[in-house]
Amino acid sequence: MTSIQGGAEDIADDTATLADRARLVVLSAPISQREFADRVGMDPTALSKALRGNRRLQDHEVAAIAQVGKVSQRYLRTGAGRPPATGAGQTVRRRADAVDADLRRAQILEATARLIARRGFHKVRVADIARACGTSTGTVHYHFPTKDHALRAALVFYADRFHARLEEEFRTADTTVEKLRRLIEVQLTTTEEDADEWSVWVQSWNEAILDPTLREGQKGVHVRWREIVLDLLRTCQREGMAQGADAEAMASRFTSMVDGMAIQVLAGTGDMDATRMRELLLDAFEPYITLRRR
């Protein structure tokens with residue numbers, strides 16, 4: 001999120017991420033986003049997804065964005081250093097206000113999701129979301145009439161981002177077993193963005209317990225995730241592994257283990273951390289499927 005002071009821009013909100021800063025750099029450039037994508041050697045759609053946080057930027061892409069945007073990689077990764085400059089008479093706010101409705105909604109959705117993740121659903125006000133996006137409360141209400149709408153949207157936002165990362169991982173996996181290994185890695189809480197995803201997921205559970213109207217959306221996200229696990233297990237069986245095993249039961253055990261351990265990591269309870277979670281999940285399908293490399 002940005003704080004505009006005259007012609008200088010600075011990421012002042014502690015919820016800022018690499019995607020936020022990259023978006024600020026792109027908006028500050030005196031060229032269109034499509035031309036920016038061409039100059040950094042990225043597909044325009046891939047750049048758009050990255051700026052919304054739905055796709056992780058690769059190291060070489062970060063380097064290229066820094067070069068074209070005339071900022072340091074250190075600034076992009078940490079926010080430390082000189083922010084992008086704007087041309088005479090031009091401000092990032094004006095450029096941001098000129099974006100189309102879909103991009104504006106995406107910006108509001110991303111800010112809403114991150115604020116809920118880091119401050120908590122009940123502590124986030126519409127005014128906080130508007131401030132983070134540099135827009136009005138009326139604009140926020142236009143896209144999300146109530147906070148419940150915002151929570152539902154935040155859950156889907158992080159679910160879509162998770163699945164986009166998973167698809168990228170699967171594209172480079174040579175075997176079904178390797179996909180299961182990648183599946184485990186994507187579940188681990190190793191970055192702030194990972195923690196944000198889990199925070200919204202857990203908060204959606206809490207709210208669904210008290211508000212039945214939220215249960216359908218929460219269930220839909222869970223079913224989508226579980227089906228991926230189940231499909232992988234059934235593929236393993238077609239390939240000759242886990243013969244005679246109950247794939248449905250294994251999928252249920254695995255997803256329950258992931259959820260339970262991730263909550264422990266997020267809450268800092270017991271001795272659970274990402275490393276221990278990985279080790280336990282690598283053994284989750286034993287003795288039917290061995291995920292540890294020999």
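See above for the structure.
Here is a short report on the structure shown in this document. Predicted, not measured: the structure shown is a model, and the values here were computed from it.

### As for the nonpolar core
So, step 1. Leu 183, Phe 254, Met 277 and Ile 289 are the most contacted members of the largest nonpolar core, which has 63 residues in total.
So, step 2. Element by element, the count of residues in this core is highest for helix α10 (residues 147–171), at 11 residues.
So, step 3. In this structure, Ile 289 is in contact with Val 177, Leu 180, Leu 233, Cys 236, Met 241 and Ala 242, ignoring residues within four places of it in sequence.
So, step 4. In terms of nonpolar packing, the next biggest core, distinct from the first, is built from 22 residues, Val 26, Ala 37, Val 40 and Leu 57 among them.

### Things to note about the pattern of salt bridges
So, step 1. In this structure the tally under the stated criterion is 27 salt bridges.
So, step 2. Residues Arg 182 and Glu 169 are paired through a salt bridge, measuring 3.2 Å at the closest nitrogen-oxygen approach. Residue Arg 182 is located in helix α11 (residues 176–187), and its partner Glu 169 is located in helix α10; the two are separated by 13 residues in the primary sequence.
So, step 3. Across the salt bridge formed by Glu 178 and Arg 182, the nearest N and O atoms sit 2.8 Å from each other. Of this pair, Glu 178 and Arg 182 are both found in helix α11, four residues apart, which corresponds to roughly one turn of the helix. Accessibility assignment for this pair places Glu 178 and Arg 182 in one class, buried.
So, step 4. Overlapping salt bridges bring together Arg 56, Arg 161, Arg 165, Asp 194 and Glu 197 as one network.

### Some details on helix α15 (residues 274–282)
So, step 1. Taken together, the buried positions of α15 are occupied by Ala 274, Met 277, Leu 281 and Leu 282. Seen along its axis, α15 keeps its buried residues to an arc of 130°; they face one direction.
So, step 2. On its buried side, α15 packs onto α11 and α14 (247–267).
So, step 3. Between the side-chain oxygen at the start of α15 and the backbone nitrogen of Thr 275 there is a gap of 3.2 Å, and the oxygen is on Asp 273.

### A short note on the packing of aromatic side chains
So, step 1. All told, the structure shown has five aromatic pairs when counted by the stated rule.
So, step 2. With 6.2 Å between their ring centres and 50° between their planes, Trp 225 and Phe 254 make a pair best called tilted. Residue Trp 225 is found in helix α13 (residues 215–238), and its partner Phe 254 is found in helix α14; the two are separated by 29 residues along the sequence. Grouping residues by exposure puts Trp 225 and Phe 254 together as buried.
So, step 3. Through pairs of rings, three or more aromatic residues link up here, namely Phe 162, Trp 225, Phe 254 and Phe 285.

Rules of the game
Residues numbered from 1 in each chain as written. Predicted model: local features only at pLDDT ≥ 70, side-chain atom pairs only at ≥ 80, totals over all residues. Heavy atoms only, no water. Core = buried A, V, L, I, M, F, W, Y, C linked by side-chain atoms within 4.5 Å. Buried < 20%, exposed > 50% of the residue type's maximum accessible area, 1.4 Å probe, protein only. Helix = DSSP H or I, 4+ residues; strand = E, 2+ residues; numbered from the N terminus. Contact = heavy atoms within 4.5 Å. Salt bridge = Lys/Arg side-chain N within 4 Å of Asp/Glu carboxyl O. Arc of directions from axis to C-beta. Polar contact = N/O pair within 3.5 Å; in protein donor to acceptor, adjacent residues only side chain to side chain. Phe/Tyr/Trp six-rings, centres within 6.5 Å; stacked < 30°, edge-to-face > 60°.

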